[in-house]
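Per-entry structural report
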Amino acid sequence: LHVRSRRQRQMCIRDRFNVAGRLGRDLYGIAYAGYLEWMYAGVGGELLYRPGGERWAVSANLNRVQQRGFDQRWDLRDYKVTTGHATFYYSFDARERIVGSLSVGQYLAGDKGATLDIARVFDNGVTMGAYATKTNVSARDFGEGSFDKGIYISVPLDGFLPRSTRGRLSLIHI
């Protein structure tokens, strides 16, 4: 689910059901339903084609979502939207683990555009990167207009907790 800004709120109900697997040689898929992130609930899926031994991959996702209530509990608001993106991934330097992606599609506000993301993934799992998004929304509708950007760091929590987890702490500066 692509959100133009990577801002996230902690301490909300975020339950979702996932089914993922390998669908064929170099083809992977995932389907999901539930509370997908802090502002939206819905259903969606993604297909990923990643040829073995290559530095690139492509994916496509499609989501039908509905805005969650302001209290972040179980209620939903009237706003519904369909989002979807095609994404190209590229690993620039396998040793330094520098990766990039370019996503093109429709965002949660119904605007269409593209997001470029460049990041470095360190051996300990920490990821640092920057992103920029350009869409067709006007400055009148979205404060800065059709451009959004930021830098981020994402730290895996597995080494800090008494049991294994896939949780991450993400810090964003916009």
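Above this text you will find the structure in question.
Let us look at the structure shown here. What you see is a predicted model; the values in this text were computed from it and never measured. (Residues numbered from 1 in each chain as written. Predicted model: local features only at pLDDT ≥ 70, side-chain atom pairs only at ≥ 80, totals over all residues. Heavy atoms only, no water.)

**Side note on the overall build of the protein chain**
- If you tally the helices and strands in the protein chain, you get 0 helices and 10 strands.
- Put simply, the protein chain runs from its N terminus to its C terminus through helices and strands in the order β-β-β-β-β-β-β-β-β-β.
- Taken across its 174 residues, the protein chain has 33% of its residues classed as buried.
- Contacts spanning at least 24 positions in sequence make up 38% of the contacts within the protein chain whose residues lie at least 6 apart. (Helix = DSSP H or I, 4+ residues; strand = E, 2+ residues; numbered from the N terminus. Buried < 20%, exposed > 50% of the residue type's maximum accessible area, 1.4 Å probe, protein only. Contact = heavy atoms within 4.5 Å.)

**Regarding the pattern of salt bridges**
- In the structure shown here, the tally under the stated rule is 1 salt bridge.
- In this structure, arginine 97 engages aspartate 123 in a salt bridge whose closest nitrogen and oxygen atoms are separated by 3.6 Å. Placement of arginine 97 in the loop between strand E5 (76–93) and strand E6 (98–106) and of aspartate 123 in the loop between strand E7 (112–121) and strand E8 (127–135) is noted, with a sequence separation of 26 residues between them.
- According to the relative accessible area criterion, aspartate 123 is exposed, its value standing at 74%. (Salt bridge = Lys/Arg side-chain N within 4 Å of Asp/Glu carboxyl O.)

**Looking at the packing of aromatic side chains**
- Following the criterion strictly, the structure yields 5 aromatic pairs and no others.
- Pairing tyrosine 40 with tyrosine 79 gives two aromatic rings, centres 6.5 Å apart and planes at 65°, and the pair type is edge-to-face. Of this pair, tyrosine 40 sits in strand E3 (residues 40–49) while tyrosine 79 sits in strand E5, and the two are 39 residues apart along the sequence.
- Given the relative accessible area of 7%, tyrosine 40 is considered buried.
- Measuring from ring centre to ring centre gives 6.4 Å for phenylalanine 88 and tyrosine 90, while their planes differ by 20°; the resulting arrangement is stacked.
- Residue class for phenylalanine 88 comes out partly exposed when judged on its relative accessible area of 38%.
- Aromatic ring contacts, followed pair by pair, group Phe88, Tyr90 and Phe92 into a single cluster. (Phe/Tyr/Trp six-rings, centres within 6.5 Å; stacked < 30°, edge-to-face > 60°.)

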